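Reading the structure
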Amino acid sequence: MSLSRTELQDSGAREGAGILESRLTGLSREEFARNVWARTASLTRGASDFSDVFSPSAVDELVSRRGLRTPFLRVAKDGATLPSSSFTAPAGVGATVADQLDDTALWRAFADGATLVLQALHRTWEPVADLVSGLSTELGHPVQANAYVTPPQNRGFDAHYDVHDVFVLQIEGAKRWVIHEPVLPDPLRDQPWTDHRAAVADRAAHGTPHLDTMLRPGDVLYLPRGWLHSAQAQGEVSIHLTLGVHAWTRYALAEQLTRAALAALGDDPSMRRSLPLTGPNEPGGSNGTDAVLDLVRERLLAAVAEADPAPPFHRARRSQARPAPLGPVAQLAALSGLATTSPVRLRKALEPRLEGTRLFTRVGYLDFLAPDLGPVARLLDGRVRTAGDLGLALAGRLLRAGVLVPADR
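Residues numbered from 1 in each chain as written. Predicted model: local features only at pLDDT ≥ 70, side-chain atom pairs only at ≥ 80, totals over all residues. Heavy atoms only, no water.

This part is about the packing of helix α11 (residues 328-336) against helix α14 (residues 392-400). Where α11 contacts α14, the axes come no closer than 10 Å and their chain directions differ by 165°. Accordingly, the angle class assigned to the pair α11 and α14 is roughly antiparallel. In this structure, α11 crosses over α14, and the sense of that crossing is left-handed. Judged by residue contacts, Q331, A334 and L335 of α11 engage G396, L399 and R400 from α14. Of the residues in the contact of α11 with α14, the class split is 3 nonpolar, 2 polar and 1 charged. (Axes fitted to C-alpha atoms, helices over the stretch in contact; angles between N-to-C directions. Helix = DSSP H or I, 4+ residues; strand = E, 2+ residues; numbered from the N terminus. Parallel < 35°, antiparallel > 145°, perpendicular 65-115°, else oblique. Left-handed = near helix turned anticlockwise from the far one by under 90°. Contact = heavy atoms within 4.5 Å. Nonpolar A, V, L, I, M, F, W, Y, C, P; charged D, E, K, R; others polar.)

This is the structure we're talking about:
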């Protein structure tokens, strides 16, 4: 599947187009979900100008001026990851932490053909953080971002697959990508490619590629988890962003369902009873162990059938990402100067969930009295309100908790 820049501009101009449509694929969320998501690799030519998101100067600033530490950067060469001690050092008086990036060592490794991997850019570079936050909200799955900076005619890693979906955004230079279909479709997070190293190597060496293409600035490649890929820079430095989508799976939902069922069984006194004693020469079933097993199986199936996986599932989702950044100085100023006309809004990326009188968020939970439930529920639409709309006492409490933040009209 491939779209042209003109088609993307037309589709991106549609009112309310999301990140998928306007910047990554030219497809609406519904079209992407129906035809591409978790099904097939997809290439979109000229998807967007990403210079507002990331650039070569951003790489230089992050490496040389931001005081980054490991594991915010990895270095790879010829398919192997270099030890962090080879590119880190103390940073001098007042900043003697030993694992800060050494820009001189990194330059020498880069000049010698190593790929620099800037990890978790959604935590260190604001434009990437904004893109990731918006995409995560749109997809309903956690998203993280890495950047790969590869010198000319070099590669960072051998053919492999990821256990998460990826969007590859080419930022600078050109890179050849060779894509093969999976040897293990839809791998789980504990099923890495190294468990199937021989099959991956054989498919990459002898299989017919699903896609063999050159990515240039503005191009976007989507790969579902499990799809094999390798990439090599061409005659200039290549920079690309990888947006990793850590998809929630049916297996993950089953895990949450099972945990909810086990929690319910823990409240059942009959399930907490000890198993019968078994003599050294007795068969397992001679003293009723088989009957107990049948009983446990029956109770477990009943508990699964009755379990509500929503609470543990939402707790797990909230734990997978952080809320939007919060500036303590600005927050204190907003709290100190709070007035009925002060504009406020719910902090972004909180994953809020109101259950009864309790509001669960990524920064903890709050309990409310009945009169406050209406204003709190209205906050969940994300719109800007005034402190007077909520009540000064409630607005102050939510600001202090880091749930509410100052907003511009």
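Further notes follow.
Attention now moves to the pattern of salt bridges. Opposite charge on two side chains permits them to pair, given that their charged atoms come into close proximity. Summed over all chains, the structure comprises 13 salt bridges. A salt bridge links R69 to D99; the nearest nitrogen and oxygen atoms lie 2.8 Å apart. Of this pair, R69 sits in the loop between α4 (56-64) and β2 (73-77) while D99 is found in the loop between β4 (88-89) and β5 (100-101), placing the two residues 30 residues apart along the sequence. For R69, a relative accessible area of 40% corresponds to the partly exposed category. (Salt bridge = Lys/Arg side-chain N within 4 Å of Asp/Glu carboxyl O. Buried < 20%, exposed > 50% of the residue type's maximum accessible area, 1.4 Å probe, protein only.)

As summarised here, the arrangement of the 3 strands in space is β15-β16-β17, forming an open sheet in which the pairing is antiparallel. The open sheet is flanked by β15 (353-355) and β17 (364-367), the only strands paired with a single partner. In this sheet, neighbouring strand axes are inclined to one another by 20° on average, regardless of whether the strands run parallel or antiparallel. Inspection of the sheet shows strand β16 (residues 358-361) paired to β17 by 4 bridges, in the antiparallel sense. (Pairing = 2+ DSSP bridges.)

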